[in-house]
Amino acid sequence: MCGRYVRRSDKQRIAEHFHVYGPSVPDFGPSWNVAPQTFQPIVRLNRDTREREIVMMRWGLIPYWAKGPQIGLSTINAKAETVATAPSFREAFKRRRCLVPADAFLEWQKIDAKTKKPFAIALKSGEPYGFAGLSERWHDKAAGAELLTFTVITTDPNAVVEPLHNRMPVILPERDYSRWLDVDSSQIPMDLLRPYEADQMTAWEVDKRIGNVRNDSPELLEEQSTTPKEPSLFDDAPL
DNA sequence: CCAGACGTTGTT
DNA sequence: GTCTGG
DNA sequence: CCAGACGTTGTT
DNA sequence: GTCTGG
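Note that this is a predicted model, so its numbers are computed, not measured. (Residues numbered from 1 in each chain as written. Chains lettered and ligands numbered in written order. Predicted model: local features only at pLDDT ≥ 70, side-chain atom pairs only at ≥ 80, totals over all residues. Heavy atoms only, no water.)

Please explain the pattern of salt bridges as it appears in this structure.
When the charged atoms of two side chains lie near each other, side chains of opposite charge can form a pair. Considering all chains together, one arrives at 10 salt bridges under this definition. When the shortest N-O distance is used, the salt bridge between arginine 96 and glutamate 136 registers 3.1 Å. With arginine 96 in the loop between α2 (90–95) and β6 (97–102) and glutamate 136 in strand β9 (residues 129–140), the pair connects residues that are 40 residues apart, well separated along the chain. Measuring nitrogen to oxygen at the nearest pair gives 3.5 Å for the salt bridge that ties arginine 167 to aspartate 156. Separated by 11 residues along the polypeptide, arginine 167 in the loop between β10 (145–155) and β11 (168–169) and aspartate 156 in the loop between β10 and β11 bring together distant segments of the chain. What emerges from the salt-bridge pattern is a single network uniting Glu81, Asp156 and Arg167. (Salt bridge = Lys/Arg side-chain N within 4 Å of Asp/Glu carboxyl O. Helix = DSSP H or I, 4+ residues; strand = E, 2+ residues; numbered from the N terminus.)

Can you help me understand the packing of aromatic side chains in this one?
Aromatic ring pairs are described here by two measures, namely the spacing of the ring centres and the angle between the planes. Counted by the stated rule, this structure contains seven aromatic pairs. Considering the side-chain rings of tyrosine 5 and phenylalanine 131, the 5.4 Å spacing of their centres and the 85 degrees angle between planes classify their relative orientation as edge-to-face. In this pair, tyrosine 5 sits in strand β1 (residues 5–7) while phenylalanine 131 sits in strand β9, placing the two residues 126 residues apart along the sequence. Both residues of the pair, tyrosine 5 and phenylalanine 131, count as buried. On the basis of an interplanar angle of 50 degrees and a centroid distance of 6.1 Å, the ring pair of phenylalanine 93 and tryptophan 180 is categorised as tilted. On the criterion of sequence distance, the pair formed by phenylalanine 93 in helix α2 and tryptophan 180 in helix α3 (residues 177–181) is long-range, its members being 87 residues apart. Judged by its relative accessible area of 1%, phenylalanine 93 falls in the buried class. An aromatic cluster of at least three residues, connected via ring pairs, comprises Tyr5, Trp59, Phe105, Tyr129, Phe131 and Phe150. Against the face of tryptophan 180 rests arginine 97, its NZ or CZ located 5.5 Å from the ring centre. (Phe/Tyr/Trp six-rings, centres within 6.5 Å; stacked < 30°, edge-to-face > 60°. Buried < 20%, exposed > 50% of the residue type's maximum accessible area, 1.4 Å probe, protein only. Lys NZ or Arg CZ within 6 Å of the ring centre and 35° of its normal.)

Please explain the environment of leucine 45 as it appears in this structure.
Tracing the chain through its elements places leucine 45 in strand β3 (residues 39–45). Note on leucine 45: relative accessible area 18%, which makes it buried. Beyond its immediate stretch of four places on either side in the chain, leucine 45 contacts Arg50, Glu51, Arg52, Glu53, Leu181 and Asp182. (Contact = heavy atoms within 4.5 Å.)

In structure tokens form, the structure reads like this:
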């Protein structure tokens, strides 16, 4: 599964990698430990211009029909096996596919009942990558505002992840970005929902304190962009 | 997903 | 053990 | 017909 | 909004 990830790319780097050229959200810095319920940048097609754009959304998808935001606490992931038919995801899968920029995802390997080791999994190339994501717009009647949320699709682990965990996020190769984002097409890109090529990935154990890093709240994003506090997460990365 | 709290009364 | 906040 | 769920992971 | 269970 994917309950945490690393995004060391700032807005500029993301715009370059995902070829986003148009107007976009305010600047933001990296997040070294992205947690559910925080606002993160995603890439999607602008509904009017059909150009790629970066939008900030909250992690934990709330279907447009939800009566309350509660369901968003358990929809940080969507299973590839059921995403086309599940009531909470099927409409978004057809019409609101997006890419979630990341540089690594974190998995805690279970050693025994009370011990677990955190690992980071990234591309050997060190390039950023995109999770296959879905987004929704939910009308919060209480707050009288629209809330944008997203989820990350999961699939079976590849050979790199299998020793660590029984699920992994769907990561899309660059060549498939366009097809995934093209929500106008009547062709549903189901074939893209598969484990990433293991030969191109690497995993390494990270410091236990990764779980204590709290530098990705919306309030801190602006501060981070000027004074980033970078944990040594990538120091040992065999990239 | 993890980390951290897990309580009450009264006062602002 | 279980819930909440991030 | 209405009421209630709609989700994932991991743990028991 | 739509499906399932009763």
